[in-house]
Amino acid sequence: MLVFGLGAGVNLAVGRLATSALHPTPTEVLWIVDSYLIVFGCLLIPSGAVGDHFGRKGALLTGLALMVVGSLGSTVSPTVALLLVARAVTGAGAALILPNSLPLLIGCYPPAKRGHAVALWTALSGGGVAGNIVAGAVLHFLDWQALFVVAAPLAAFGIVVAAKSLPRVERHQHSLDAGGVLLLVTAVFGVLFGIIEGSELGWTSPGVLLGFAAGAVFLALSAGTNSARSSLCWTPAYSAVPECAPGPSASSCPSSPCTRCSVSTANT
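Residues numbered from 1 in each chain as written. Predicted model: local features only at pLDDT ≥ 70, side-chain atom pairs only at ≥ 80, totals over all residues. Heavy atoms only, no water.

A.B. asks: What is the right way to read unusual backbone geometry from this model?
C.D. replies: For residues other than glycine, phi is negative in most cases, and the peptide bonds are mostly trans. Of note, the phi angle at His-23 is positive, near 50 degrees, even though the residue is not glycine. As for its placement among the helices and strands, His-23 is situated in the loop between α2 (14-18) and α3 (26-54). A relative accessible area of 64% places His-23 in the exposed class. (Helix = DSSP H or I, 4+ residues; strand = E, 2+ residues; numbered from the N terminus. Buried < 20%, exposed > 50% of the residue type's maximum accessible area, 1.4 Å probe, protein only.)

Right, here's the structure in full:
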């Protein structure tokens, strides 16, 4: 709920941000709102692989800690630049929380009741509406900084509860594609830079055109890299064990050890 609430609630504070002591331009206001969502969206899938590799409980606790730091940083930021950094840190924390929370929640339930765990997680994930309600109530009495003042203790409380109650789940040694993540983040940033800055700099300005061009190039590189890798071995995002597409031998599978490759090799 906190993950989506921090994204949705800030939209209600746009007017307060625009007239705040930070004196942001209209474009900077857009960046303040979108920086959280950009980092969150780009790091969401890689954060699931981080949880697989290093442990989901540790990833969740790290995400909550980043959310505390980012929320406090957003509260006290004296400049727009520092506020953008704090919002990005909060988005990175949110990306670590969301994909790792479901497996941990499922681990708290017996197999017969795990459907209830999924239903509970899905209901809590629809926190955008709740975020708007809470943000509206907070902004009715206080300034925009209060949104982050409220978020920080909630995330800190989550750290205490998660550390004491959530079980540790088995790790899986999936490879971490840092290069692919960097390509995707750069592509998304380039496209969004062009969209956000276009209204102020002009849609045909060199900076905006360069942003769109860089986004297209890096997106093509990211798609080509992923296509080449998936032609060798396909790893389902929520699978505990990687499984190869039919055909390659174990030596050609980048996600070694791979069950299907190993079995086919053993049978031969």
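A.B. asks: Is there a simple way to think about the packing of α3 against helix α5 (residues 80-107) in this case?
C.D. replies: The geometry of a pair of packed helices is captured by two quantities: the angle between their axes and the separation between those axes. Running from N to C, α3 and α5 point in directions that differ by 30 degrees, and their axes come no closer than 6 Å. The pairing of α3 with α5 is recorded here as roughly parallel in orientation. The interaxial crossing formed by α3 with α5 has right-handed handedness. A breakdown of the residues in the contact of α3 with α5 according to their chemical character gives 19 nonpolar, seven polar and two charged. (Axes fitted to C-alpha atoms, helices over the stretch in contact; angles between N-to-C directions. Parallel < 35°, antiparallel > 145°, perpendicular 65-115°, else oblique. Left-handed = near helix turned anticlockwise from the far one by under 90°. Nonpolar A, V, L, I, M, F, W, Y, C, P; charged D, E, K, R; others polar.)

A.B. asks: Teacher, can you tell me more about the environment of Thr-27 here?
C.D. replies: Within the element layout of this structure, Thr-27 appears in helix α3. A residue is classified by how much of its surface remains accessible, and Thr-27, at 4% relative accessible area, is buried. Residues Thr-27 and Leu-201 lie 174 residues apart in sequence; the distance between their C-alpha atoms is 9.9 Å. With sequence-adjacent residues up to four places away left out, Thr-27 is seen in contact with Ile-196, Glu-197 and Glu-200. (Contact = heavy atoms within 4.5 Å.)

A.B. asks: Explanation requested: the pattern of salt bridges in the structure shown.
C.D. replies: Any two side chains of opposite charge can pair, so long as their charged atoms come close to each other. By the definition in use, this model includes two salt bridges. Note that Arg-16 is salt-bridged to Asp-143, the shortest N-O span being 3.7 Å. Taken as a pair, Arg-16 in helix α2 and Asp-143 in the loop between α7 (127-141) and α8 (145-165) lie far apart in primary sequence, 127 residues in all. With relative accessibility at 34%, the residue Arg-16 sits in the partly exposed group. Notably, a salt bridge pairs Arg-56 with Asp-52, separated by 2.5 Å at the nearest N-O pair. On the basis of relative accessible area, Arg-56 is assigned to the buried category, the value being 10%. (Salt bridge = Lys/Arg side-chain N within 4 Å of Asp/Glu carboxyl O.)

A.B. asks: Please clarify how α3 should be interpreted in this entry.
C.D. replies: Because each turn of an α-helix spans 3.6 residues, side chains separated by three or four positions end up pointing in the same direction. The end-to-end C-alpha separation of α3 is 40 Å, in line with the 42 Å expected for 29 residues at 1.5 Å each. Roughly 50 degrees is the biggest bend found in α3, and it falls at Leu-44, with proline Pro-46 one to four residues downstream. Count one or two residues on from α3 and you reach Gly-55, which has phi positive near 115 degrees. (Expected span 1.5 Å × (residues − 1). Bend = angle between axes of the 7 residues up to and from the residue.)

A.B. asks: Mind showing me how you'd approach a nonpolar patch on the surface here?
C.D. replies: On the surface, Val-134, Val-150 and Leu-154 cluster together into a nonpolar patch covering about 240 Å² of accessible area. Examined against the element boundaries, Val-134 turns out to sit in helix α7. We classify Val-134 as partly exposed; its relative accessible area is 46%. (Patch = residues over 30% accessible without salt bridge, like charges linked within 9 Å, V, L, I, M, F, W, Y side chains within 5 Å. Areas by Shrake-Rupley, 256 points an atom, 1.4 Å probe, with all protein chains shown as cover.)

A.B. asks: Just checking my understanding: could you explain the packing of helix α4 (residues 56-76) against α5 for this structure?
C.D. replies: Running from N to C, α4 and α5 point in directions that differ by 155 degrees, and their axes come no closer than 7 Å. With respect to α5, the element α4 is oriented roughly antiparallel. Judged by the twist between their axes, the crossing of α4 over α5 is left-handed. Taken together, the residues of the contact of α4 with α5 sort by class into 15 nonpolar, 10 polar and three charged.

A.B. asks: How should the packing of aromatic side chains be read in this particular structure?
C.D. replies: Under the definition given, this model contains four aromatic pairs. When the centroid spacing of 6.2 Å and the interplanar angle of 35 degrees are considered together, the rings of Phe-189 and Phe-193 count as tilted. Highlighted residues: Phe-189 and Phe-193, both in helix α9 (residues 178-201), separated by four residues, approximately one helical turn. Judged by its relative accessible area of 24%, Phe-193 falls in the partly exposed class. These aromatic residues form a ring-pair network of at least three members: Trp-31, Phe-189 and Phe-193. (Phe/Tyr/Trp six-rings, centres within 6.5 Å; stacked < 30°, edge-to-face > 60°.)

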